[in-house]
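# Structural characterization, general
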Amino acid sequence: MRFSVVETGYDQRQVDSCLDELGIRLSRLAARAQGAAGATREWDEIREEAAWLSGLLQRLDLDDSSGGRHAGDAARREAADLRAQARVELAEAREEARQVRERAYADAVQARRDFEAALYARRRREARVDEILSQVTVDQVPADTPTAAAGVPGSRMGVGGQDAGSQPPPGRR
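What comes next concerns the included structure. The shown structure was predicted, so the numbers you read here are calculated from the model rather than taken from an experiment. (Residues numbered from 1 in each chain as written. Predicted model: local features only at pLDDT ≥ 70, side-chain atom pairs only at ≥ 80, totals over all residues. Heavy atoms only, no water.)

## Quick word on the nonpolar core
In this structure, Val15, Cys18, Leu19, Leu22, Leu26, Leu53, Leu56, Leu57, Ala79 and Leu82 together form the largest nonpolar core, which totals 10 residues. If you list the elements that add at least two residues to this core, you get helix 1 (12–35), helix 2 (41–59) and helix 3 (68–135). The element that contributes the greatest number of residues to this core is helix 1, accounting for 5 residues. Counting residues in each nonpolar core, the second largest holds 6 residues, with Leu29, Ala33, Ile46 and Ala93 among its members. (Core = buried A, V, L, I, M, F, W, Y, C linked by side-chain atoms within 4.5 Å. Buried < 20%, exposed > 50% of the residue type's maximum accessible area, 1.4 Å probe, protein only. Helix = DSSP H or I, 4+ residues; strand = E, 2+ residues; numbered from the N terminus.)

Pasting the structure below:
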């Protein structure tokens, strides 16, 4: 940011060009910060500071006859300080985002391992149940065979019904 010196200070076109370039860069920075995934408080502060700096550059009038050169120097120093601070905050935010991504990835890997272990255990239990059931033999009962409940008088009418005083089933006395 070097400007040609003219009779009344600096070349206004060069200053305006420089301010326009700074404004564009700050707008890009604000857009990048806004578009970044996982926006945190630091991102909000960077956006606010970039917007504030952009507004400052728009309001800054270097044509001021009362100390134009000194005001320009102070503005450049302040802009440089703000850019340096924004770079530091951006680097910190990127590092925090990297750490968050790493933690999320580690959590996802652990969740997948837990799921696979649970699925493996379930499949082992299922195979054991199948093994146990394959050892069980079932004799087929003919369709006309009466069941145990067919000979119990209380099962038809309910306990204490019409058959309550009748004979007990064979084998009981």
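## Details of the pattern of salt bridges
Considering all chains together, one arrives at 6 salt bridges under this definition. A salt bridge links Arg98 to Glu95; the nearest nitrogen and oxygen atoms lie 2.3 Å apart. With Arg98 and Glu95 both in helix 3 and 3 residues apart, the pair spans about one turn of that helix. Relative accessible area serves as the criterion here: at 32%, Glu95 is assigned to the partly exposed category. When the shortest N-O distance is used, the salt bridge between Arg112 and Glu116 registers 2.9 Å. Separated by 4 residues within a single helix, Arg112 and Glu116 lie in helix 3, roughly one turn from each other. For Glu116, a relative accessible area of 39% gives the class partly exposed. (Salt bridge = Lys/Arg side-chain N within 4 Å of Asp/Glu carboxyl O.)

Everything listed here is a matter of geometry and, on its own, says nothing about what the molecule does.
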